[in-house]
Amino acid sequence: MNYFWFQLWREWKLSIAEILAVFPDCEVLFSGNSILILWNISKEDISTNFSKIGWTIKVFELELQPDLEAVYEKILEYSKGSEWKFKYSLNLFWSKNLKLENILKNTKKIFKSKNISARYFNKDDWKNLSSGQIIWNNILKKWFDFNLVDLWWIFYFWKTIQVQDIDAYSKRDFSKNRDMQVGMLPPKLCQIMINIWRKNISKNIEKLNIYDPFVGLATVLIEALNMWISGVFWSDLNEKMIEESKKNILDFISKNNLKNISKKFEKLNAKFINESSILKENNIDLIVSEWYLWEIMTKKNISLDRINKQKDSLLSIYTKFFENLTKTDFNWKIVICFPFWELNWKYIYFSEILETLQKHCIIESIFENTEFNLATKTWSLLYKREKQLVWREIFKLKIRK
């Protein structure tokens, strides 16, 4: 049985929730705030799905080695047959006994003793490579990124099989028409919000229809298209957002030569979602969205009074939205973000929304396996970024009927 090490992103609970949803048949050997070790999963499954996962830095297989000398022999094996200078990178995890700098120098000495021309990519001898460095040096396509796990002198060693393509996210994000007054969901978070529902999918993800009734700049739907979802539907009250989102989506479809895409948009106040022709005329499987986060707040102007006014404005919209959604035939899942705020080093949650959610929705745990539940008491997960004052709380919902 093969074991695979998933290196998690900063918001590691979101990482774990996403991975377990995408690979529902896997079993967890170990979990922590930076790694997840899985088994009962195939390399082929990982390769097929990795580009659709938003919150995993890289994946490598774990193979037990009897000692450090065996690790050096493995690295030598990979150098055989290299016509030019052999290039590689090496990463060390968990070790309290070893120093990466010493291991790298030892590999260099071994190659020299064998008259093998070799060079490692680690610029700082004591640091692991970032996913960006692996991508920018094209290591996985031409060379090898090695990983050594030291569990109190028990060694696991193998090469990286997948690494997150951060450049692809940047290209998708910055290729959109942008409005700096509109808060945009990060592309990785959009992927997560779609993925945490995947365990419930009864058909191929390619055949899904996804709807964003607060479309903004269409970041959710562009990520859905990038995940091969073929049905994208959207609405917004703001005509400018409708036009910008339309242009962004059509540009993405054209640039990526996507075929057989179902799409429709309309101008609609989401408070009156029961009037949506999209919901009436299309079989929508999933609603993924985030409402405009209202006014931009900075450290200079944020206050409890301003936060409460924003809550009141948002609550009136969301109360109507969920109330009227119960009047439609939509009976599938909703994954949605609500804001929460940091003021004077304290979190202020949008707790007022809970009454609305409990009245009109079933709040589902993002972790379906109750034995492995890292969600909050309200079954949500939190997304935070440094130096920001407005953050996001993510809920997974089903409309009550």
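Residues numbered from 1 in each chain as written. Predicted model: local features only at pLDDT ≥ 70, side-chain atom pairs only at ≥ 80, totals over all residues. Heavy atoms only, no water.

Visitor: Mind showing me how you'd approach the packing of helix H12 (residues 304-325) against helix H13 (residues 353-360) here?
Guide: When two helices pack together, their arrangement is given by the angle between the helix axes and the distance between those axes. Direction vectors running N to C along H12 and H13 enclose 5°, while the axes themselves pass 10 Å from each other. Relative to H13, H12 is oriented roughly parallel. Note on element contacts: H13 touches H12 through Ile353, Thr356, Leu357 and His360, opposite Leu315, Tyr318, Thr319, Phe322 and Glu323. Residue composition of the contact of H12 with H13, grouped by class: five nonpolar, three polar and one charged. (Axes fitted to C-alpha atoms, helices over the stretch in contact; angles between N-to-C directions. Helix = DSSP H or I, 4+ residues; strand = E, 2+ residues; numbered from the N terminus. Parallel < 35°, antiparallel > 145°, perpendicular 65-115°, else oblique. Contact = heavy atoms within 4.5 Å. Nonpolar A, V, L, I, M, F, W, Y, C, P; charged D, E, K, R; others polar.)

Visitor: Can you walk me through the environment of Glu342 in this structure?
Guide: Along the chain, the position of Glu342 falls in strand S14 (residues 333-343). Between the C-alpha atoms of Glu342 and Phe144, which are 198 residues apart in sequence, the distance is 43 Å. If we skip the residues at most four places from it in the chain, Glu342 touches Ile302, Tyr347, Gln388, Leu389 and Trp391.

Visitor: Where do I start with the pattern of salt bridges in this structure?
Guide: Scanning the model with the defined rule gives 13 salt bridges in all. Residue Asp251 pairs with Lys247 through a salt bridge whose shortest N-O separation is 2.8 Å. With a gap of four residues between them, Asp251 and Lys247 both fall in helix H10 (residues 239-255), about one helical turn apart. According to the relative accessible area criterion, Asp251 is partly exposed, its value standing at 25%. Overall, the relative accessible area of 40% leaves Lys247 in the partly exposed class. Between Glu323 and Lys320 there is a salt bridge; the shortest N-O distance is 3.9 Å. With Glu323 and Lys320 both in helix H12 and three residues apart, this pair spans about one turn of that helix. (Salt bridge = Lys/Arg side-chain N within 4 Å of Asp/Glu carboxyl O. Buried < 20%, exposed > 50% of the residue type's maximum accessible area, 1.4 Å probe, protein only.)

Visitor: Sorry if this is basic, but what is going on with a positive patch on the surface here?
Guide: Taken together, the side chains of Lys85, Lys108, Lys112, Arg119 and Lys123 define a basic patch exposed on the protein surface. Looking at the secondary structure, you find Lys108 in helix H4 (residues 100-113). (Patch = residues over 30% accessible without salt bridge, like charges linked within 9 Å, V, L, I, M, F, W, Y side chains within 5 Å. Areas by Shrake-Rupley, 256 points an atom, 1.4 Å probe, with all protein chains shown as cover. Lys, Arg positive; Asp, Glu negative; His and termini not counted. Charge placed at Lys NZ, Arg CZ, Asp CG, Glu CD.)

Visitor: Sorry, what's going on with the nonpolar core here?
Guide: Nonpolar side chains tend toward joint burial in soluble globular proteins. Counting residues in each nonpolar core, the largest one holds 61 residues, and the members touching the most others are Phe6, Phe23, Leu36, Ile210, Val232, Ile249 and Ile394. Looking at this core element by element, the count peaks at six residues for helix H1 (residues 12-22). What Phe23 contacts, discounting residues up to four positions off in sequence, is Phe6, Ile41, Asp45, Ile46, Asn49 and Ile53. Residues Leu268, Ile302, Ile317 and Trp341 belong to the second largest nonpolar core, which totals 38 residues. (Core = buried A, V, L, I, M, F, W, Y, C linked by side-chain atoms within 4.5 Å.)

Visitor: Could you clarify how one ought to interpret the packing of aromatic side chains in this entry?
Guide: For any pair of aromatic rings, the description rests on two quantities: the centre-to-centre distance and the angle between the ring planes. Inspection of the entire model under this criterion finds 35 aromatic pairs. A ring pair is formed by Tyr78 and Phe144, whose centres lie 4.8 Å apart and whose planes are at 50°; its orientation type is tilted. Placement of the pair is Tyr78 in helix H3 (residues 68-79) and Phe144 in strand S8 (residues 144-150), with a sequence separation of 66 residues. Judged by centre distance (5.9 Å) and plane angle (40°), the ring pair of Phe86 and Phe144 falls under tilted. (Phe/Tyr/Trp six-rings, centres within 6.5 Å; stacked < 30°, edge-to-face > 60°.)

Visitor: Just to check I follow, could you spell out the side chain of Asn91 for this structure?
Guide: Residue placement: Asn91 occurs in strand S6 (residues 86-93). There is a polar contact of 3.2 Å between the side chain of Asn91 and the side chain of Asn147. When sequence neighbours within four positions are dropped, the list of residues in contact with Asn91 reads Lys58, Leu100, Asn128, Leu129, Asp145, Phe146, Asn147 and Leu148. (Polar contact = N/O pair within 3.5 Å; in protein donor to acceptor, adjacent residues only side chain to side chain.)

Visitor: Can you help me understand the side chain of Glu18 in this one?
Guide: The residue Glu18 is located in helix H1 in this model. Separated by 2.8 Å, the side chain of Glu18 and the backbone nitrogen of Gly54 make a polar contact. Residues in contact with Glu18, not counting those within four places in the same chain, are Lys52, Ile53, Gly54, Trp55, Gln191, Ile192, Asn195 and Ile196.

Visitor: Looking at this structure, how should I read a nonpolar patch on the surface?
Guide: A cluster of nonpolar residues, Tyr3, Leu29, Phe30 and Trp94, forms a patch on the protein surface that exposes about 370 Å² of accessible area. Structurally, Phe30 can be placed in strand S2 (residues 27-31).

Visitor: Which parts of the structure should I look at to understand the packing of H1 against helix H8 (residues 187-195)?
Guide: Packing of H1 against H8 leaves a shortest axis separation of 9 Å and a crossing angle of 45°. Regarding the angle of H1 to H8, the classification is oblique. The crossing of H1 and H8 is left-handed. Each of Leu14, Glu18, Ala21 and Val22 in H1 lies in contact with H8, whose residues at this interface are Leu189, Gln191, Ile192 and Asn195. Here the residues of the contact of H1 with H8 sort into five nonpolar, two polar and one charged. (Left-handed = near helix turned anticlockwise from the far one by under 90°.)

Visitor: Teacher, can you tell me more about the pairing of strand S3 (residues 35-39) here?
Guide: Every other side chain in a regular strand lies on the same face of the sheet, so the side chains alternate between the two faces. With four of five residues buried, S3 lies mostly within the body of the structure. In terms of strand pairing, strand S1 (residues 3-8) meets S3 through five bridges, oriented antiparallel. Across the sheet, residue Phe6 finds its bridge partner in S3, namely Leu36. Sheet analysis places S2 next to S3, joined by four bridges and oriented antiparallel. Bridging across to S3, Ser31 finds its partner in Leu36. (Pairing = 2+ DSSP bridges.)

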